[in-house]
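Here is what each chain is made of, one letter per residue.
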Amino acid sequence: MIKKSTSTIEYSENIQISNVRISDRIYELITQEIIEGTIRYGDRLNIKEIAQRLQVSPMPVRDAIKRLEHEGIVVVKPQSTCYVRMPTQKSMIDAFELRYILEISSIEKIYPMVRLEDLKDMKYFLDRMEELVPSKYHPDTMKEYVKYDQLFHREICVLAGNEYLLRSYKYATLHLNISLTFNAGAEPDMQQVESDHRLLFKYLNQNSEQCVAVLRRHLNTCKRNMISGEVFKSLPT
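Here is what the cut-offs are and how they apply
Residues numbered from 1 in each chain as written. Predicted model: local features only at pLDDT ≥ 70, side-chain atom pairs only at ≥ 80, totals over all residues. Heavy atoms only, no water. Pairing = 2+ DSSP bridges. Helix = DSSP H or I, 4+ residues; strand = E, 2+ residues; numbered from the N terminus. Contact = heavy atoms within 4.5 Å. Axes fitted to C-alpha atoms, helices over the stretch in contact; angles between N-to-C directions. Phe/Tyr/Trp six-rings, centres within 6.5 Å; stacked < 30°, edge-to-face > 60°. Buried < 20%, exposed > 50% of the residue type's maximum accessible area, 1.4 Å probe, protein only. Parallel < 35°, antiparallel > 145°, perpendicular 65-115°, else oblique. Left-handed = near helix turned anticlockwise from the far one by under 90°. Nonpolar A, V, L, I, M, F, W, Y, C, P; charged D, E, K, R; others polar. 1 Å grid on protein atoms, 1.4 Å probe; cavity = no way out; pocket = protein on both sides within 12 Å on 5 of 7 lines; lining within 4 Å. Points joined across faces, edges and corners; volume = space filled by probe spheres on them. Expected span 1.5 Å × (residues − 1). Arc of directions from axis to C-beta.

Student: In this structure, what is going on with the sheet that holds strand β1 (residues 44-45)? I would like to understand it.
Tutor: Within a sheet, each strand pairs with its neighbour through backbone hydrogen bonds, oriented either parallel or antiparallel. Taken in spatial order, the three strands make up an open sheet running β1-β3-β2, and their pairing is antiparallel. What marks the edges here is a single partner per strand, and that holds for β1 and β2 (74-77). Packed onto the sheet, helix α3 (residues 58-70) meets β1, β2 and β3 (81-84) and runs at close to 115° relative to β2.

So, in structure tokens, the structure goes:
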């Protein structure tokens, strides 16, 4: 049985922040909300409002914001005004290429030894996506679909069991918000997307090398869709 990386944090709608390394937990929460699209590029981050929502003092929120600023995720202006930095075409392409490298290296590592019990989370994410596909463009379900798509792909890296690889993957997806990727690009062929995900799971379960070819094709299609969209073209180079 594959030993998964332990550097993942689960979030629920009822957010609770522990007293241990509060600023780190707030940082993780904010980055996860950016990745999932709850916080969008260009959104203003209000330190007092975040502190009130999480029922903490403003100080650890400021510390988390400083860390995000250092990593180039947010821009802080005088009088503590800060907002999530808008990506450029180059930054999105660079982030996507990093994501590609990490997912492919992970699946090449895991496919010969992965077992069905290792894939239970991936199967759950796949089932949830398939339930949401018919109405994915409806505002009420788009966010949920994107979340499970992100979790499905992240699970490939989780199964690789490498903490540093998983951190790098999170960094890539933080700069490549999957929600923005869907909205910035050309409308994907959802039947093909669904077929790719099913085949990927099938071949992983069979320990077949064909899963690598499926993932390569899928990610290349995602990249083509991303760069052909009008929103992407409108971003600064």
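Student: Looking at this structure, I do not really get the packing of aromatic side chains. What am I missing?
Tutor: Two measures describe an aromatic ring pair: the distance that separates the ring centres and the angle between the ring planes. The final tally for this structure, using the stated rule, is three aromatic pairs. Relative to Tyr148, the ring of Tyr124 has its centre 6.1 Å away and its plane inclined at 80°; by these criteria the two rings are edge-to-face. In this pair, Tyr124 is assigned in helix α5 (residues 120-132) and Tyr148 in helix α6 (residues 139-159), connecting sequence segments 24 residues apart. Accessibility expressed as a relative area gives 45% for Tyr124, which makes it partly exposed. On the basis of an interplanar angle of 35° and a centroid distance of 6.3 Å, the ring pair of Phe125 and Tyr148 is categorised as tilted. Residue Phe125 is located in helix α5, and its partner Tyr148 is located in helix α6; the two are separated by 23 residues in the primary sequence. Owing to a relative accessible area of 11%, Phe125 belongs among the buried residues under this scheme. In this structure an aromatic cluster arises from ring pairing among Tyr124, Phe125 and Tyr148.

Student: What's the story with the packing of helix α1 (residues 22-36) against α3 in this structure? I'm lost.
Tutor: A pair of packed helices is characterised by two quantities: the angle between their axes and the separation of those axes. Direction vectors running N to C along α1 and α3 enclose 55°, while the axes themselves pass 8 Å from each other. The angle between the axes of α1 and α3 places the two elements in the oblique class. You can see that α1 and α3 cross each other, and the crossing is right-handed. Contacts between α1 and α3 involve Ile22, Ser23, Asp24, Ile26, Tyr27, Ile30 and Thr31 on the former and, on the latter, Pro60, Val61, Asp63, Ala64, Ile65, Arg67 and Leu68. Considering only residue class, the contact of α1 with α3 consists of nine nonpolar, two polar and three charged.

Student: Explain empty space enclosed by the protein here, please?
Tutor: To find the voids left in a structure, one rolls a probe of water-molecule size over its atoms. All chains considered together, the criterion is met by one cavity of 30 Å³ or more. In this structure, the largest cavity spans a volume of roughly 30 Å³. Taken together, Leu126, Met129, Glu130, Val133, Tyr145, Val193, Glu194 and His197 make up the lining of the largest cavity. Listing elements by their share of the lining of the largest cavity, those giving two or more residues are α5 and α9 (190-205). Across the lining of the largest cavity, the residue classes tally to five nonpolar, one polar and two charged.

Student: Honestly, helix α10 (residues 210-228) in this entry has me stumped. Any pointers?
Tutor: Along an α-helix, residues three or four positions apart point the same way, because every turn accommodates 3.6 residues. For α10, with 19 residues, the first-to-last C-alpha span of 27 Å sits near the 27 Å given by 1.5 Å per residue. For α10, the set of buried residues is Cys211, Val212, Val214, Leu215, His218, Leu219 and Met226. Down the axis, α10 shows its buried residues gathered within 160° of arc, on one side only.

Student: What am I meant to see in the environment of Leu102 here?
Tutor: Locating Leu102 in the fold gives a position in helix α4 (residues 89-110). On the basis of relative accessibility, which here comes to 9%, the residue Leu102 falls in the buried class. A sequence separation of 63 residues divides Leu102 from Leu165, and the C-alpha atoms of the two residues are 7.0 Å apart. Apart from the residues within four sequence positions on either side, Leu102 is in contact with Cys157, Leu165, Ser168 and Tyr169.

Student: Would you mind going over unusual backbone geometry with me for this structure?
Tutor: What is expected of a backbone is that most residues other than glycine have negative phi and most peptide bonds are trans. Here the phi dihedral of Gln55 falls at roughly 60°; this positive angle occurs in a residue that is not glycine. Summarising the element assignment, Gln55 is placed in the loop between α2 (47-54) and α3. Overall, Gln55 belongs to the exposed group, its relative accessible area being 73%.

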